Amino acid sequence: MTTLELIKMPLRKLDRPTDNDTVALYKERLLGYLNEAMLDLTAELRPWRRDTLAVTSGQADLSGLPRVCLKVLAARIDGQRQLFYYGATRSVLLFPGMGDGTVEITYRYQPDQLAELTDEPQLPAGLQGLLVEYAAARERGRFDAASQNAARLDLTLYRELKGKLRRNCPAPDLSQIYHIY
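From a predicted model like this one, the values you see are computed outputs, not experimental measurements.

**Considering the side chain of Q122**
Line of reasoning, step 1. By secondary structure assignment, the location of Q122 is in the loop between β7 (101–110) and α3 (128–140).
Line of reasoning, step 2. Take Q122: its relative accessible area is 16%, and that puts it in the buried class.
Line of reasoning, step 3. Apart from the residues within four sequence positions on either side, Q122 is in contact with R67, Y109, Q110, P111 and D112.

Take a look at the structure:
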């Protein structure tokens, strides 16, 4: 779903038109709300992914990953977990005793902020509906007392859905204990 679609959905929910002029009028404010929601979901749900990274002389540069790495959770070579250390900076991983090759990195990531109407949120598709709920609730909260009460209900729904997702969101490799000798 593109940012344009994500902006139009809260407008529809608030019974506002979705023509180009209305989108241009609400774009900056709704983009801010959508980005706030992405930060909130990232902090709460801690999304993760797995990507392959090249290792040269036992070092891997995390800037080669497609997303901004917040924390490396695991490293695997041919399905086997590998011991690793952070280097002098948090953007370099060291693999003792390894030369050149590739490694599969499991890591928590920070999605990029939405800026353009063609941008797509770097969150799983199932979370994008929550972005819309949050943006609609925040926009609704800007008006009279009746609208603010409805906004409170929308934010409560957002928090409940987020809590359900958190309980059902699997964490990679965290339910097992590994002994590396």
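So that's the structure; there's more coming.
**Here's the deal with the sheet that holds strand β2 (residues 59–61)**
Line of reasoning, step 1. Taken together, the three strands give an open sheet; going across it, the order is β2-β6-β5, and neighbouring strands pair in antiparallel fashion. Each edge of the open sheet carries a strand with a single partner, namely β2 and β5 (85–86).
Line of reasoning, step 2. Direction of pairing for β5 relative to strand β6 (residues 92–94): antiparallel, over a ladder of two bridges. Bridging across to β6, Y85 finds its partner in L94.

**Concerning the sheet that holds strand β1 (residues 48–55)**
Line of reasoning, step 1. Pairing within the open sheet is antiparallel, and its four strands lie in the order β1-β7-β3-β4. In the strand order of this sheet, the two ends are held by β1 and β4 (80–81), each with one partner.
Line of reasoning, step 2. Where strand β3 (residues 68–77) meets β4, two bridges bridge the pair, whose relative direction is antiparallel. Of the residues in β4, the one forming a bridge with I77 is Q80.

Procedures and definitions
Residues numbered from 1 in each chain as written. Predicted model: local features only at pLDDT ≥ 70, side-chain atom pairs only at ≥ 80, totals over all residues. Heavy atoms only, no water. Helix = DSSP H or I, 4+ residues; strand = E, 2+ residues; numbered from the N terminus. Buried < 20%, exposed > 50% of the residue type's maximum accessible area, 1.4 Å probe, protein only. Contact = heavy atoms within 4.5 Å. Pairing = 2+ DSSP bridges.

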